[in-house]
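# Structural features, examined
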Amino acid sequence: RLTEKLARRLDGTGTLRVVASDSRSQRQNRERAELRLVAVIAAALVVPKRRKATKPTRAAKQARLDQKKRRSSLKKDRRTTRDD
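Notes on the structure in this doc start here. (Residues numbered from 1 in each chain as written. Predicted model: local features only at pLDDT ≥ 70, side-chain atom pairs only at ≥ 80, totals over all residues. Heavy atoms only, no water.)

The end-to-end C-alpha separation of helix 2 (residues 26–45) is 29 Å, in line with the 28 Å expected for 20 residues at 1.5 Å each. Structurally, helix 2 contributes buried residues whose contacts are with helix 1 (2–5). The opening residue of helix 2 is S25, an N-cap whose side-chain oxygen sits 3.4 Å from the backbone nitrogen of R27. (Helix = DSSP H or I, 4+ residues; strand = E, 2+ residues; numbered from the N terminus. Expected span 1.5 Å × (residues − 1). Contact = heavy atoms within 4.5 Å. Polar contact = N/O pair within 3.5 Å; in protein donor to acceptor, adjacent residues only side chain to side chain.)

As structure tokens, then:
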């Protein structure tokens, strides 16, 4: 799972490189890089919830059809009729 999720961040040898140069102190930069590494790995290990397919309710279907009928009749009323 990790190699699949982090494939873009791995180099040719399969190494994950995390860099931090926020501070002038090497120790602080190393600590920040370690924290970033932990965050990246934790984010990659999160299993997304599976999407559960749902269907629209009967009331939702009926409301959609009613709206279509109203819209249709509105457009129909706008048309000019030909008197022959």
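On we go from here.
Here we come to the pattern of salt bridges. Counting across every chain of the model gives three salt bridges. The partner of D22 in a salt bridge is R32, with the nearest N and O atoms 3.9 Å apart. Taken together, the positions of D22 in the loop between helix 1 and helix 2 and R32 in helix 2 put the pair 10 residues apart, joining distant regions of the chain. The exposure class assigned to R32 is partly exposed, which follows from its relative accessible area of 36%. (Salt bridge = Lys/Arg side-chain N within 4 Å of Asp/Glu carboxyl O. Buried < 20%, exposed > 50% of the residue type's maximum accessible area, 1.4 Å probe, protein only.)

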